[in-house]
Structure formats: structure tokens, C-alpha cells
Amino acid sequence: MFELSQPSVSRIVKDISLRIAKNLRTWVKFPHADQVEIIKRKFYEVARFPGVTMAMDCTHIPISSPGGENAEVFRNRKGWMSFNVQLIVGPDMEIYDVVARWPGSVHDSRIFQNSRALELIENRTVQGICVADGGYAKTQFIYTPHSNPITNAQKRYNYAHIRTRNVVERVNGL
């Protein structure tokens, strides 16, 4: 498009990627304890879901087959090669945590179970409720939707949950 050669574009992408990775902890971090109440209020304003401080989901990033004897571990459930990348985000689409090292065949819950974020949430370094989709296990701090809502209360819960969690879907879309 800009009359650059493919090798030049590759060098530029590599340089920018390395600079972003070097400074990642500057931009990607969980909020400080003094910000928790503001974050809870912002999430609450979305759909009146109390106590939420983060939303989590995984997204598949397409890749070419890496080849070799372990290439198939990168094939996701949809049949194409990918990395499965987990994001935890805040109400203003800020990224609190990213895990980008698992092949596409790995389930979302396994990524979370092996993440630094789980440890931070369990030891209460990071506070509040995390809303996530049904790909994650329900815990005292991970709230997922009802799989088959029957009562009006369950339907209202799912409605508020889905609307509140939508922020992570928007981040994944970007």
C-alpha cells in the first residue's frame, strides 16, 4: 500500500512489537485498591450487576501452521490454527491482564487455571467479581451465566451478566 517491501514491513512490525512488549506492564495492569469502588460503580451503571471489577474472555488469534510434530495442538475447536488469548478488562475497555501463550486447542478455563490472574484474585491482591462466559468454572469470584435460565430471577441475572460482560467482547473485537 505504501510501496514498502515485505521485508521492510516485517522489520517495522517486529520493532513495534518488541517496543510494545517491553512496555507492556506500563499499560496492562490491574487497578490499584483505591480505584476498586470507582470501577464497581462503572460496571454497576451498565446493567446494575453489583460488585463487578473485571470481565474475562478468551479469543482466538489466527496463525499459520507452525509445522512440526506438535502443530495440531494449535488447531482450535473450529478447525483452524490459532493462539487462544485470554483478556481481563475493565469497564472503560482498559486491559488489566493478557495471557498470550497457549495454543488454540487449549480450553479457556485451563488458561485461567494456570494464570497469574487466578493467584492474584485468590489471594485478594485483586478484588471484586469477574464476569466470564460459560467456558469458565463458577467460583466465589468468577460469575458465569446460567446455562438454562428458567426463573425470572435467572433470566434477569443472565441479562445483567451479558450486558456487563459485553465490554470484553468489544475489546476482543478491537
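The structure under discussion appears in the preceding block.
Residues numbered from 1 in each chain as written. Predicted model: local features only at pLDDT ≥ 70, side-chain atom pairs only at ≥ 80, totals over all residues. Heavy atoms only, no water.

Engineer: Explain the overall build of the protein chain to me, using residue names and the numbers behind them.
Structural biologist: In terms of regular secondary structure, the protein chain is built from six helices and five strands. Reading the protein chain from its N end, one meets helices and strands in the order α-α-α-β-β-β-α-α-β-β-α. Every one of the 174 residues in the protein chain was classed for burial, and the buried ones make up 37%. Long-range contacts, defined as pairs at least 24 residues apart, comprise 56% of the intrachain contacts of the protein chain with a sequence gap of at least 6. (Helix = DSSP H or I, 4+ residues; strand = E, 2+ residues; numbered from the N terminus. Buried < 20%, exposed > 50% of the residue type's maximum accessible area, 1.4 Å probe, protein only. Contact = heavy atoms within 4.5 Å.)

Engineer: Quick rundown of the packing of aromatic side chains? Include the residues and the values.
Structural biologist: For any pair of aromatic rings, the description rests on two quantities: the centre-to-centre distance and the angle between the ring planes. Throughout the structure, instances matching the rule amount to five aromatic pairs. Judged by centre distance (5.9 Å) and plane angle (45 degrees), the ring pair of phenylalanine 30 and tyrosine 96 falls under tilted. Linking phenylalanine 30 in the loop between α2 (24-27) and α3 (36-47) with tyrosine 96 in strand β3 (residues 95-103), this pair joins segments that are 66 residues apart in sequence. Residue class for tyrosine 96 comes out buried when judged on its relative accessible area of 3%. Ring geometry for phenylalanine 49 against tyrosine 157: centres 5.5 Å apart, planes inclined by 55 degrees, an arrangement best described as tilted. Of this pair, phenylalanine 49 sits in the loop between α3 and β1 (52-62) while tyrosine 157 sits in helix α6 (residues 152-173), and the two are 108 residues apart along the sequence. The structure contains a cluster of three or more aromatic residues connected by ring pairs, namely Phe49, Tyr143 and Tyr157. (Phe/Tyr/Trp six-rings, centres within 6.5 Å; stacked < 30°, edge-to-face > 60°.)

Engineer: Residues and numbers for the nonpolar core, please.
Structural biologist: In this structure, Phe30, Met54, Met56, Phe112 and Ile142 are the most contacted members of the largest nonpolar core, which totals 35 residues. When residues of this core are traced back to their parent elements, those giving at least two are α3, β1, β2 (82-89), β3, α4 (108-113), α5 (116-122), β4 (129-132) and α6. If we skip the residues at most four places from it in the chain, phenylalanine 30 touches Met54, Ile88, Tyr96, Asp97, Arg116, Ala117, Leu120 and Val126. (Core = buried A, V, L, I, M, F, W, Y, C linked by side-chain atoms within 4.5 Å.)

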